[in-house]
Amino acid sequence: MSPWPFTPSQPRDYSLPNASWSSEMQRLYEHYNNLCEMETEGGEKIKGAWRRLPSYNRSLKYATGGQCLSKLLQGKARIFTRNIEEQGAGFEYVVFVNKQEKTCVCVFQAGHLLEGPPGHVHGGAIATIIDSVTGTHATYLSGPVMTANLTVNYRSPIPLGSVVLVHSSLDKTEGRKTFLSCQVTSTDGSKMHTEATGIACLCPLVWATSWDSDGQSSRCGDGSSYCSERTAEAKQSPWAVGVLFECILFLNDQFSKTFTSH
Ligand SMILES: CCCCCCCCCCCCCCCC(=O)SCCNC(=O)CCNC(=O)[C@H](O)C(C)(C)COP(=O)(O)OP(=O)(O)OC[C@H]1O[C@@H](n2cnc3c(N)ncnc32)[C@H](O)[C@@H]1OP(=O)(O)O
């Protein structure tokens, strides 16, 4: 038991299987999950090439840093793709990343609340899952980012309730920009549903203010261990600490003004 009375309770990890997952969703989860751990000839378990990223419905509640944001927003803010409580009704998905290959795959089951054309998934919901996957992937590769550009081509409709794979791959990095390509395919890869490209732009100071300040990573967001490492790196530099502090005060001031003027 933690000696600290305000330590948040263990959050629900939405990337773990639940009763709404179809057998195909479960099968693919197990397939990629098995690749996260390998067994040596001596029977020892070692890390595999893939890693499952945990996923939560809040980005601020479980972060110990960024108090100015947490106090004002944490009560109501929810991650868009994780805000439907009914299991299987919205976005059911799990993201796996391959660090060596710099690729990422998401197993996605689209629930009945995501309907667009009759019986098929809404284009905005498809763009949302693509943005989440490429955003998470870019964060994992480069650190805290914002999507600067997302270009989506819809090739064939996705049946509601079906399971698809969302593949993200790194094209290149250029300064603060991470360029990614994304394809949404049927689970056997035979059908292309959607193709997209995206540019994620690194914005370390804004994001660093809302992330864990003590290097604890997995509680605050998908693939955020890299972000915590970068935040920790930044904090070793005296000027960065100063700028970070100024940034927190500025944001605090702005948020206070915004919320008290309405
Ligand atoms: C994220 C993970 C969180 C993890 C923890 C949470 C947990 C779980 C979340 C799961 C993951 C969700 C992921 C959602 C991801 C979003 O949905 S983010 C929300 C949507 N995006 C936004 O709201 C961004 C709005 N835009 C902006 O804030 C600013 O335009 C940006 C993108 C920060 C860039 O602005 P800036 O910092 O002033 O930089 P600026 O000099 O304008 O541009 C930098 C470079 O990018 C280029 N650029 C800028 N815009 C564009 C563009 N549209 N096209 C091409 N190039 C561009 C510029 O030309 C420039 O290039 P260089 O000159 O360096 O070669």
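Residues numbered from 1 in each chain as written. Predicted model: local features only at pLDDT ≥ 70, side-chain atom pairs only at ≥ 80, totals over all residues. Heavy atoms only, no water.

- Per an unreviewed UniProt entry, the recorded name for the chain is Acyl-coenzyme A thioesterase THEM4, and the organism is Albula glossodonta.
- Under Sequence similarities (unreviewed entry), UniProt gives the following word-for-word description of the chain: "Belongs to the THEM4/THEM5 thioesterase family." (UniProt positions renumbered as here; feature names shortened; annotations may be inferred.)

## Notes on the packing of aromatic side chains
- Summed over the entire model, instances satisfying the criterion amount to five aromatic pairs.
- Taking 6.1 Å as the distance between ring centres and 55° as the angle between the ring planes, the aromatic pair formed by Y29 and F96 counts as tilted. Residue Y29 is found in helix 1 (residues 23–34), and its partner F96 is found in strand 4 (residues 91–98); the two are separated by 67 residues along the sequence. Each of the two residues, Y29 as well as F96, counts as buried.
- In this structure an aromatic cluster arises from ring pairing among W21, Y29, Y32, W50 and F96.
- For R12, the ring lying beneath its charged end belongs to Y14, and the centroid distance is 3.9 Å. (Phe/Tyr/Trp six-rings, centres within 6.5 Å; stacked < 30°, edge-to-face > 60°. Helix = DSSP H or I, 4+ residues; strand = E, 2+ residues; numbered from the N terminus. Buried < 20%, exposed > 50% of the residue type's maximum accessible area, 1.4 Å probe, protein only. Lys NZ or Arg CZ within 6 Å of the ring centre and 35° of its normal.)

## Describing the sheet that holds strand 4
- Taken in spatial order, the seven strands of this open sheet run 3-4-5-7-8-9-6, and their pairing is antiparallel. A single partner strand is all that each edge strand has here, and the edge strands are strand 3 (50–53) and strand 6 (145–154). Within the sheet, the average angular offset between the axes of one strand and its neighbour, ignoring direction, is 20°.
- Two elements, strand 5 (residues 103–110) and strand 7 (residues 163–174), share seven bridges in a ladder whose sense is antiparallel. Residue pairing in the sheet places C104 in a bridge with S168 of strand 7.
- Here helix 1 sits on the sheet in contact with strand 3, strand 4, strand 5 and strand 7, set at roughly 20° to strand 4.
- Here helix 3 (residues 123–142) sits on the sheet and contacts strand 3, strand 4, strand 5, strand 6, strand 7, strand 8 (177–186) and strand 9 (192–202); the angle it forms with strand 6, its principal contact strand, is near 135°. (Pairing = 2+ DSSP bridges. Axes fitted to C-alpha atoms, helices over the stretch in contact; angles between N-to-C directions. Contact = heavy atoms within 4.5 Å.)

## A word on the pairing of strand 7
- Where strand 7 lies against strand 8, ten bridges are found, and the strand directions are antiparallel. Paired with K172 across the strands is F179, a residue of strand 8.

## Observations concerning the pattern of salt bridges
- All told, the structure shown has six salt bridges when counted by the stated rule.
- Ionic pairing is found between E24 and R27, a salt bridge with its closest N-O pair at 3.0 Å. Here E24 and its partner R27 are both found in helix 1, three residues apart, which amounts to about one turn of the helix.
- K45 is the salt-bridge partner of E39, the closest N and O atoms lying 4.0 Å from each other. Across the pair, exposure class does not vary: E39 and K45 are exposed alike.
- Salt bridges linked by common partners bring K172, E174 and K177 together as one network. (Salt bridge = Lys/Arg side-chain N within 4 Å of Asp/Glu carboxyl O.)

## Points about the UniProt feature "domain: Thioesterase" (unreviewed entry) in the chain
- UniProt's feature table lists "domain: Thioesterase" (unreviewed entry) at residues 119–191, given in the numbering used throughout.
- A distance of 18 Å separates the end C-alpha atoms of residues 119–191, which is 27% helix and 44% strand.

## Describing a positive patch on the surface
- Among the surface-exposed residues, K47, R51, K99 and K102 lie close enough to one another that they form a single positively charged patch.
- As for its position among the elements, K99 is in the loop between strand 4 and strand 5. (Patch = residues over 30% accessible without salt bridge, like charges linked within 9 Å, V, L, I, M, F, W, Y side chains within 5 Å. Areas by Shrake-Rupley, 256 points an atom, 1.4 Å probe, with all protein chains shown as cover. Lys, Arg positive; Asp, Glu negative; His and termini not counted. Charge placed at Lys NZ, Arg CZ, Asp CG, Glu CD.)

## Some points on unusual backbone geometry
- Of note in this structure, K102 is not a glycine but carries a positive phi near 55°.
- Along the chain, the position of K102 falls in the loop between strand 4 and strand 5.

## Thoughts on the nonpolar core
- Formed by 23 residues in total, the largest nonpolar core has its most connected members in C106, F108, I129 and V166.
- Only strand 4, strand 5, helix 3, strand 7 and strand 8 provide two or more residues apiece to this core.
- At six residues, helix 3 tops the list of elements feeding residues into this core.
- With 13 residues, the next largest nonpolar core counts C36, V94, F96 and V107 among its residues. (Core = buried A, V, L, I, M, F, W, Y, C linked by side-chain atoms within 4.5 Å.)

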